[in-house]
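Commentary on secondary and tertiary structure
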Amino acid sequence: MKGDPASFKARIREWMHNHREEGTSLLQDMVRLPSTQGNEQEAQLLVAGKLRGMGLDVEVWEPDGEALEAHPFFYSPRSRFAGSPNVVGIWRGSGGGRSIILNGHMDVVPEGDAGQWHDDPYSGKVTEGKLFGRGATDMKGGIASLLLAVQAVRELGIRLKGDIIFQSVVEEESGGAGTLAAILKGYKADAALIPEPTNLKIFPKQQGSMWFRIEVKGRSAHGGTRYEGVSAIDKSMAVIAHIRELEEARNSAVSDPLYAGNPIPFPINIGVIKGGNWPSSVPDTVTLEGRFGVAPEEKLEQAKEEMNRWMGRLKEKDPWFGEHQPEVEWFGARWVPGSVSREHALIRTLSEQYREVLLKEPVIEASPWGTDGGLLTQLGDTPCIVFGPGVTEAAHCPNEYIELGHVFEAAEIIALTLIAWCGLEEKGDGT
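Read on for an overview of the structure.

The rules behind the values
Residues numbered from 1 in each chain as written. Predicted model: local features only at pLDDT ≥ 70, side-chain atom pairs only at ≥ 80, totals over all residues. Heavy atoms only, no water. Axes fitted to C-alpha atoms, helices over the stretch in contact; angles between N-to-C directions. Helix = DSSP H or I, 4+ residues; strand = E, 2+ residues; numbered from the N terminus. Left-handed = near helix turned anticlockwise from the far one by under 90°. Contact = heavy atoms within 4.5 Å. Pairing = 2+ DSSP bridges. Nonpolar A, V, L, I, M, F, W, Y, C, P; charged D, E, K, R; others polar. Salt bridge = Lys/Arg side-chain N within 4 Å of Asp/Glu carboxyl O. Phe/Tyr/Trp six-rings, centres within 6.5 Å; stacked < 30°, edge-to-face > 60°. Buried < 20%, exposed > 50% of the residue type's maximum accessible area, 1.4 Å probe, protein only.

It is at 10 Å that the axes of helix α1 (residues 9-18) and helix α5 (residues 136-155) come closest, and there the two elements cross at 120°. The handedness of the crossing between α1 and α5 comes out as right-handed. Side by side, α1 and α5 meet where I12, W15 and M16 of the first sit next to L148, A149, Q151, A152, V153 and E155 of the second.

Printed below as a string of structure tokens:
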């Protein structure tokens with residue numbers, strides 16, 4: 001095939017215009033299937049059928065929980081994945097080109113209080129160019145963009161050199177077990193793209209995070225003579241203030257321009273406080289649970305060590321902590337951070353196609369949240385960037401929505417990126 005990727009711009013755009021109704025229906029079908037944890041199968045089989053209809057080689061399998069549990073990067077609140085399959089579709093190129101993984105997650109968070117929704121949380125209703133429903137923006141809209149991009153390139157008869165590996169995975173919202181399972185199956189490529197809701201911004205970096213638990217000790221006494229006791233609630237306030245100082249120290253040192261617009265690049269959030277057991281007693285224990293943000297270039301173990309050292313300094317502020325040192329327990333969910341150079345070839349390629357489609361410069365920032373990209377980059381040896389339709393503000397919220405125009409714009413950009421990245425087969429005209 002002859003010609004550069006830009007020469008396909010008009011054909012890709014016309015294809016997207018002609019398939020707008022089909023693409024909207026596809027996204028509606030996905031949103032109308034509630035794919036919360038443990039309920040992903042029907043939506044995943046829908047995607048598998050779509051991929052088979054395109055002529056891709058498709059694999060569907062349920063992750064092996066026992067095998068995953070042995071891996072240090074594994075976390076999930078469950079160990080069995082019956083009814084929660086991963087789906088992979090492969091379009092093999094003719095050879096000699098660069099390969100790419102297109103990765104999206106089908107699992108969605110629960111809908112919450114249905115009374116806060118204007119319509120059924122899984123309605124897929126379209127109003128004024130927006131499609132509503134749980135998962136519309138996080139991230140079934142992104143999956144739709146990927147599917148449309150691949151379908152457009154195939155149906156236009158464009159032959160590529162490099163392989164395209166499409167992945168629809170489970171469990172991203174709970175720690176990334178689906179993508180981990182795909183990596184351990186051996187799937188890798190020269191680069192990867194995840195269409196999380198970035199509002200069409202390009203994210204070369206994603207922070208990681210870990211959950212922690214701290215038990216703060218006090219000494220019980222009768223509430224009428226509370227001065228004879230030591231309130232664990234009061235001491236927990238000192239612990240929280242101490243943690244805030246660590247957050248300020250870690251973030252004041254950030255000079256990366258990709259975080260220029262982010263007031264707290266790597267937050268340390270206290271999300272749970274439990275303490276006391278009787279109104280007339282001085283509480284003797286308080287448990288704090290939180291999320292520790294990890295910088296893109298930072299190792300999880302490095303972040304743990306810094307937090308542990310910092311907590312050891314509490315006794316310098318209050319002698320009580322000398323004999324009652326709060327211990328940090330790392331438990332539950334963790335998301336691996338990821339970082340790709342701003343000069344990476346996929347970022348340059350994606351930026352070029354962004355300019356071709358939208359006729360303006362792309363915004364390049366660092367992600368304010370974790371994704372499966374860190375697993376792909378660090379463990380899968382597949383440098384991953386994040387770019388997709390939808391806005392973060394709509395994710396996990398009542399009345400979640402996505403602007404359909406962004407879905408098709410992202411699909412158009414991604415389609416041209418696939419052509420440019422994977423390379424055009426030189427034989428045949430593809431018409």
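So that's the structure; there's more coming.
With that out of the way, let us pick up the sheet that holds strand β12 (residues 328-335). Strand order across the open sheet formed by four strands is β10-β11-β9-β12, with antiparallel pairing between neighbours. With one partner strand each, in any of the chains shown, β10 (268-275) and β12 form the two edges of the open sheet. Put simply, the sheet's adjacent strands are angled 20° from each other on average, direction ignored. Both strand β9 (residues 208-217) and strand β11 (residues 285-294) contribute to a ladder of ten bridges, which runs antiparallel.

Before going further, it helps to spend a moment on the packing of α1 against helix α12 (residues 404-422). Each pair of packed helices can be summarised by the angle the axes make with each other and by the distance between the axes. For the pair α1 and α12, interaxial distance at closest approach is 10 Å and the crossing angle is 145°. Note on packing geometry: the crossing formed by α1 with α12 is right-handed. Touching K9, I12, R13 and M16 of α1 are F408, A411, E412, A415, L416 and I419, all from α12. Considered class by class, the residues forming the contact of α1 with α12 number seven nonpolar, no polar and three charged.

Further remarks concern the sheet that holds strand β16 (residues 401-403). Pairing within the open sheet is antiparallel, and its three strands lie in the order β4-β5-β16. Both edges of this open sheet fall to β4 (126-127) and β16, since each of them pairs with a single strand only. One ladder, built from three bridges, connects strand β5 (residues 130-132) with β16; its direction is antiparallel. Opposite L131, over in β16, you have I402 as the bridge partner. Sheet strands in contact with helix α2 (residues 20-31) are β4, β5 and β16, and its direction is about 20° off that of β5. Its contacts with the sheet put α12 on β4, β5 and β16, and the angle it makes with β16 is roughly 60°.

Attention now goes to the pattern of salt bridges. Summed over the entire model, instances satisfying the criterion amount to 22 salt bridges. Beyond isolated ion pairs, a larger network of salt bridges with shared partners links E40, R78 and E171.

Considering all chains together, one arrives at ten aromatic pairs under this definition. With centroids separated by 5.0 Å and ring planes inclined at 75°, the aromatic side chains of Y259 and F266 adopt a geometry described as edge-to-face. Residue classification places Y259 among the buried positions, given a relative accessible area of 5%. The class of F266 is buried, set by a relative accessible area of 6%. Taken together, the aromatic side chains of Y75, W211, F331 and W335 make up a single cluster linked through ring pairs.

Interpretation note: all reported values are geometric properties and have no functional meaning in isolation.
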